Amino acid sequence: MLWLILGIALGFTWHALIVWSESRNLRIPLLVWFLLMLTILDILSGVQNYVALNLDYEEQAARMIIPVYGVQAAIPLALALFLLWRKTRRARW
Amino acid sequence: MPDITRRQFLRELGLAGAGVALTPMAAAALSADSMNDEADDISPAKAAPRPSWVKLSAKPTIDIDWTAMQRFDERNTCRGGLVNYVGKDTLDAWTKMQTENLAQWLKQGKPGYTLRDVALQAASGAGSGAQSFLGPEKITSPQDRGVPAWTGSPKDANAMVTAALRHLGAATVGVVALEPATTEKLIYGFDPDGKELVFADVDQPAEDDKRRVIPRKARWVIVWTVQMSEETLKRAPTPLAQQTTTLAYTRNRNIQLRLQTFLRSLGYMALGEASTNALGISPALGVMAGLGELSRLNRLITPEYGPMVRVFKLITDLPLAPTSPINAGIMRFCQECKKCAESCPSQALSMRTEPTWDVAGPWNNPGHKAFFEDSTKCRETWFRAGTNCGRCFAVCPYASSSRALVHRFAFSVESSTARFNSSFRKMHDLVFGKAQANLDPVKDPELWWSLDLPEYGIDTMQGRANEG
């Protein structure tokens, strides 16, 4: 059920991003798509590890996974958002 | 907000749903044993898929000099032969110490040593079938049923035996072919009760007061593992943890008896352990059968369950296909890791980086390169703790379920290269705690009683291709 909900949420977010870019007449570069894919993979991997470690009664390890994958996901996400912001700023000009 | 028609919305929803549904299936296909699939190899993978990072190997990951090896006398191990190495006075003193420690800790209510813990320990040793070399006396043979003995290809026989053993409670199954110059030397020369194990050109096995006779036509050893509860053994060295070891042995008495009944009912002989750990060197046979690798623990470490298994064997004349040894980078990781040795309360385990041919004492079997241990020191800790310790098992990085991707990733990398082994060891220390050589349990024994553990405390889907 968790993965179904995650999948639907990701699907909607992905769709919303596509629709938003089309509405702004914005072409999102391939690099940004790649960075967002990396972010999603990191988030999903973090969730999988967190859940699995808790199921294995390794609560301490599960808690430590959160910052590890959090940082791993934050870096490409920040870069992607920065590149998007820069592109929208240029588009406005 | 841009206009989206209902049709567009539903189309996008369908695409998203298809992606959600198909992604797990794609992931499962990628992680299955398809990467380990070789058309003509005979491996446990054919009957029971192995993790994809396990590679088959023509020889085990330790060096063996079969010419230097003899069939070992089991009475020379520290199980029955300890008094010969430490002397009666020392052994008596250790026994007194054990009795006093257990009584004191029981009264104090020391976690893991409380009344309910020792009661569970007593329970785990109760209620098992008789263990014998020849198997049950009365069997309905194929002839009694008016049919010939079962026949089939060795591959089919492997698959059949594996299916039966799994159903009876075994975890992984492999086969070793007995060769006089090599693997036959892994069968004991003398069993723990002093009876000699003799290979002879006879038609039927036999047993009397002095000998157990193995017909030369019984050329195959079925080797299997029985899981211990990893979560329970992490409470080592308490009685609470010990009972999972005892339980594995107890369960196996029934497994062996039933396997003997199964094979004899098919029309074949089934020569089992006459007593605990009899017949042959279990870890060695497990290595040769490809169930795992030898390790710094000097016990088998399996890819699926780490060291959290007990290994058993049985000799048969049912033609089987030998299964290959494996290389999963485990022994190589042991060279770098050393966490078990650093955690040993009595420093019994070897701290060498490279394995050696030099044995630590007459309790070791020469003829292979290993991290030989001082078993007398190990036994001293057993008496001090009042149990069979097991702390080395509890701290092993391979004693981890493979559900979390981070574990699978680490095992996969360790299987391919040793470059990151020291980093993995450091990460293990960071997350699970540094090595400490004491008698403290790795996990809280009191907490164990509130866990919702599966039957026998084991996950029977762990290590399977379709595990969750």
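Residues numbered from 1 in each chain as written. Chains lettered and ligands numbered in written order. Predicted model: local features only at pLDDT ≥ 70, side-chain atom pairs only at ≥ 80, totals over all residues. Heavy atoms only, no water.

1. A short note on the overall build of chain B
Regarding its fold elements, chain B presents 17 helices and eleven strands. The buried share of chain B, reckoned over its 468 residues, is 53%. Counting contacts in chain B only where the partners sit at least 6 residues apart, residues at least 24 apart contribute 77% of the total. Carbon and sulfur atoms make up 56% of the accessible area of chain B, which amounts to about 20,700 Å² in all. (Helix = DSSP H or I, 4+ residues; strand = E, 2+ residues; numbered from the N terminus. Buried < 20%, exposed > 50% of the residue type's maximum accessible area, 1.4 Å probe, protein only. Contact = heavy atoms within 4.5 Å. Areas by Shrake-Rupley, 256 points an atom, 1.4 Å probe, with all protein chains shown as cover.)

2. Looking at the pairing of strand E3 (residues 196-200) of chain B
All names here are of chain B. With four of five residues buried, E3 lies mostly within the body of the structure. The pairing of E3 with strand E5 (residues 211-215) spans five bridges and is parallel. The partner of Phe199 across the bridge, within E5, is Ile214. (Pairing = 2+ DSSP bridges.)

3. Here we look at the confidence of the model for chain A
Residues at a pLDDT of 70 or more form 97% of chain A, whose mean pLDDT is 88. Taking the mean pLDDT of every element in chain A, the minimum, 84, falls on helix H1 (residues 2-23) of chain A and the maximum, 92, on helix H2 (residues 30-55) of chain A. (pLDDT = per-residue confidence, 0-100.)

4. Some thoughts on the interface of chain B and chain A
At the junction of the two partners, chain B supplies 22 residues and chain A supplies 21 residues. For the pair chain B and chain A, the two sides together bury roughly 1,800 Å², of which 67% comes from carbon and sulfur. Between chain B and chain A we count three salt bridges in total. Counting across the interface, chain B meets chain A through ten residue pairs in polar contact (both at pLDDT 80 or more). When residues of the side of chain B that touches chain A are traced back to their parent elements, those giving at least two are helix H1 (6-31), helix H15 (405-416) and helix H16 (421-432) of chain B. If you tally residues by element for the side of chain B that touches chain A, the top one is H1(B), at five residues. Broken down by class, the residue content of the side of chain B that touches chain A amounts to 14 nonpolar, two polar and six charged. (Buried area = accessible area lost by both parts, 1.4 Å probe. Salt bridge = Lys/Arg side-chain N within 4 Å of Asp/Glu carboxyl O. Polar contact = N/O pair within 3.5 Å; in protein donor to acceptor, adjacent residues only side chain to side chain. Nonpolar A, V, L, I, M, F, W, Y, C, P; charged D, E, K, R; others polar.)

5. Re the pairing of strand E2 (residues 173-177) of chain B
Residues and elements named next belong to chain B. When you tally the buried positions in E2, you get four out of five residues, the bulk of the element. Relative to strand E6 (residues 220-227), E2 runs antiparallel, the two being bridged by five bridges. Paired with Val173 across the strands is Trp224, a residue of E6.

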